[in-house]
Amino acid sequence: DLFHQVWRACAILRAVPDLDVKMDMVTAEYAASALCALSTQPSSTGRAFHLVHPKPVLLRDFIAQFPTPLALVPLEAWLDRLQREARQLDDPALHFIAMLVEGFDRAELIPSTFDCGAVTADLRGTNVVCPALDRHFIERELEQMTQSATSLVPPITWNTLGTANPTNLVIGPGNLFLRVSVP
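Given the structure is predicted, the values throughout are model-derived calculations rather than measurements. Sequence order sets the numbering: in each chain, residues are counted from 1 along the sequence as written. Only residues with pLDDT of at least 70 get local features here, since the model is predicted, and only at 80 or more are side-chain atom pairs given and counted; chain-wide, interface and lining totals rely on the full set of residues. To get the side-chain values, all heavy atoms of the structure are used, and hydrogens and water are removed first.

**Notes on a nonpolar patch on the surface**
- A patch is a set of surface residues, each over 30% in relative accessible area and not in a salt bridge, joined within 9 Å for like charges and within 5 Å for the nonpolar side chains Val, Leu, Ile, Met, Phe, Trp and Tyr. Accessible surface is estimated by sampling points in the Shrake-Rupley manner with a 1.4 Å probe; for residues, cover comes only from the protein chains shown. Counted as salt bridges are all cases of a side-chain nitrogen of Lys or Arg within 4 Å of a carboxyl oxygen of Asp or Glu. On the surface, Leu2, Val6, Phe96, Met99, Leu100 and Phe104 cluster together into a nonpolar patch covering about 500 Å² of accessible area.
- Helix and strand assignments come from DSSP, with helices taken as H or I runs of at least 4 residues and strands as E runs of at least 2, each series counted from the N terminus. For the nonpolar patch, the elements supplying multiple residues, two or more each, are α1 (2–13) and α5 (92–101).
- When you line up the elements, Val6 lands in helix α1.

Below you can see the structure in the form of structure tokens.
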């Protein structure tokens, strides 16, 4: 997924663009649990839910928790380094991210922010908790990235067919996104 590709590119470049943004990612497990819990609530019908982290962390603070420190560099310097390394190395992550940012206005590289207040409110009273964006989270995601690159693990499937709001969720291990299909 995108986080894994960006992380790989940053690891190869040994640098992260110094952007004033907040990290609001969630795990696939949290997203799936939240969607399952929300899909069984009659009040969820017809509503949109933003599954982002309720306590986002500044990029600088997030990067500071990585086991291997990476330099924060100005965006233009990072983009120059990305283009240079993508020309020299045959790495899919570098090529993908270089292609992704090509032609974008710099302001378009800053991700949008979303309000997850409705999700947080509707999950009160359930046992669905979003894990903190801390060192443990980072180590776990990096470990899953390594495992998913070296092994084939079957996806996790939740099925709420037959409930008030039928949903079929399929989530691959280590992914920070999921596919949702509603029959």
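**Re the nonpolar core**
- Among buried residues, those of type Ala, Val, Leu, Ile, Met, Phe, Trp, Tyr and Cys that are joined through side-chain atoms within 4.5 Å constitute a nonpolar core. Accessible area is worked out with a 1.4 Å probe on protein chains only. A residue is then buried under 20% of its type maximum, exposed over 50%, and partly exposed in between. Counting residues in hydrophobic clusters, the biggest one holds 32 residues, and the most contacted among them are Phe62, Trp78 and Leu82.
- Broken down by secondary-structure element, the contributors of at least two residues to this core are α1, β1 (15–17), α3 (59–64), α4 (75–88), α5 and α7 (135–150).
- Any pair of residues with heavy atoms lying within 4.5 Å of one another is described as a contacting pair. Contacts of Trp78, omitting those with residues within four sequence positions, involve Cys10, Leu13, Ala15, Val16, Pro17, Val73 and Ile97.
- Counting 11 residues, the second-largest nonpolar core is a separate cluster that includes Ala37, Leu38, Val128 and Cys130.

**Some points on α1**
- For a helix, the expected span equals 1.5 Å multiplied by the number of residues minus one. With 12 residues, α1 extends 16 Å from end C-alpha to end C-alpha; this agrees with the ideal 16 Å at 1.5 Å per step.
- All of the buried residues along α1 are Phe3, His4, Trp7, Ala9, Cys10 and Leu13.
- Backbone geometry just downstream of α1 places Arg14 in the positive-phi region, at approximately 55°.

**Thoughts on the environment of Leu75**
- Note on placement: Leu75 falls in helix α4.
- Using a relative accessible area of 14% as the deciding quantity, one classes Leu75 as buried.
- Spatially, the C-alpha atom of Leu75 lies 9.7 Å from that of Leu109, the residues being 34 residues apart in sequence.
- Other than its neighbours up to four places away in sequence, Leu75 contacts Pro17, Leu19, Arg106 and Leu109.

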